[in-house]
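Commentary on secondary and tertiary structure
Now for the letters of each chain:
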Amino acid sequence: MKKYIALILSCMLVVAQCSLVLASETEQYEMVEMNNDDIFTTSSQEEVAPCLLYIANIYTSIIKISSNQVGIRAETVCSETVKSITVTYTLQKWNGSQWVRVASKTASASNVAQTAKSYTIAGLSSGKYRTKATASVTGYNGYTESLTGYSGGITI
């Protein structure tokens, strides 16, 4: 009998030390339309950035302009003025198993700390697209580094 009483008291002690946890209500979000004309604005304050000598970050964007046209943009930001920045802008399409190149353009700038370009691509078929931008930066000491950035995908 003493064993049963000890067992019951032990169980009560364990139960008394446990806390009851209840799930809270699901948060409700409200989606509000934004009236902002600058669709390519970037903000690096909350982003994770790579640690390179010259390249601070590369930002990529893609927007749907019409049912067969998109706009792509990439901006490369360096920590200081460099000898050259060469960026390859690539539009990619998802073929069901991988991203494939649709169109590509390369642009260069010299003696700058930052460069940005935008392109419009028309005549596209329906599907999912994204922007890939690869920046190659060369400093005045001859050191070269590269970084690739990708936008999110959009469907047209």
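Read on for a plain summary of the structure. Quick caveat: nothing in here was measured; it's all calculated off a predicted structure.

**A word on the environment of threonine 131**
One can find threonine 131 in strand β4 (residues 128-138). Residue classification places threonine 131 among the buried positions, given a relative accessible area of 0%. The spacing of threonine 131 and glycine 71 is 60 residues in sequence and 9.4 Å in space, taken between C-alpha atoms. Every residue in contact with threonine 131, bar those within four places of it in the chain, is listed here: Thr60, Ser61, Ile62, Ile72, Arg73, Thr90, Gly149, Tyr150 and Ser151. A distance of 3.2 Å separates the side chain of threonine 131 from the backbone oxygen of serine 61, its partner in a polar contact.

**Observations regarding the packing of aromatic side chains**
Inspection of every chain in the model, using the stated rule, returns three aromatic pairs. Relative to tyrosine 143, the ring of tyrosine 54 has its centre 6.1 Å away and its plane inclined at 50°; by these criteria the two rings are tilted. Of this pair, tyrosine 54 sits in the loop between α1 (2-17) and β1 (55-66) while tyrosine 143 sits in the loop between β4 and β5 (144-150); the two residues are 89 residues apart in sequence, bridging distant segments of the chain. Judged by relative accessible area, which is 39%, tyrosine 143 ranks as partly exposed.

**Regarding a nonpolar patch on the surface**
Residues Met1, Tyr4, Ile5 and Leu9 make up a contiguous nonpolar surface patch of roughly 510 Å² in combined accessible area. Residue placement: isoleucine 5 occurs in helix α1. With relative accessibility at 45%, the residue isoleucine 5 sits in the partly exposed group.

**Here we look at the pairing of β5**
What you see with β5 is a clean split: Glu145, Leu147 and Gly149 sit on the buried side and Thr144, Ser146, Thr148 and Tyr150 on the side with no burial. Pairing of β4 with β5, which is carried by seven bridges, proceeds in the antiparallel orientation. Note that in β5 the partner of lysine 132 across the bridge is tyrosine 150.

**Quick notes on the side chain of threonine 115**
You can see threonine 115 is positioned in strand β3 (residues 99-122). Of the residues examined, threonine 115 reaches a relative accessible area of 13% and is grouped as buried. Not counting the four nearest positions on each side in its chain, threonine 115 is found in contact with Ala74, Glu75, Thr76, Ile85, Val87 and Ala109.

**Details of the nonpolar core**
Within the largest apolar cluster, 23 residues are counted, with the highest numbers of intra-cluster contacts made by Ile62, Val70, Ile72, Leu91, Leu124 and Val137. Secondary-structure elements contributing two or more residues to this core are β1, β2 (69-94), β3 and β4. At nine residues, β2 tops the list of elements feeding residues into this core. Discounting residues that sit within four places of it in the chain, valine 137 has contacts with Tyr54, Ile55, Thr76, Cys78, Val82, Ser84, Ile85, Tyr143, Thr144 and Glu145.

Rules and cut-offs
Residues numbered from 1 in each chain as written. Predicted model: local features only at pLDDT ≥ 70, side-chain atom pairs only at ≥ 80, totals over all residues. Heavy atoms only, no water. Helix = DSSP H or I, 4+ residues; strand = E, 2+ residues; numbered from the N terminus. Buried < 20%, exposed > 50% of the residue type's maximum accessible area, 1.4 Å probe, protein only. Contact = heavy atoms within 4.5 Å. Polar contact = N/O pair within 3.5 Å; in protein donor to acceptor, adjacent residues only side chain to side chain. Phe/Tyr/Trp six-rings, centres within 6.5 Å; stacked < 30°, edge-to-face > 60°. Patch = residues over 30% accessible without salt bridge, like charges linked within 9 Å, V, L, I, M, F, W, Y side chains within 5 Å. Areas by Shrake-Rupley, 256 points an atom, 1.4 Å probe, with all protein chains shown as cover. Salt bridge = Lys/Arg side-chain N within 4 Å of Asp/Glu carboxyl O. Pairing = 2+ DSSP bridges. Core = buried A, V, L, I, M, F, W, Y, C linked by side-chain atoms within 4.5 Å.

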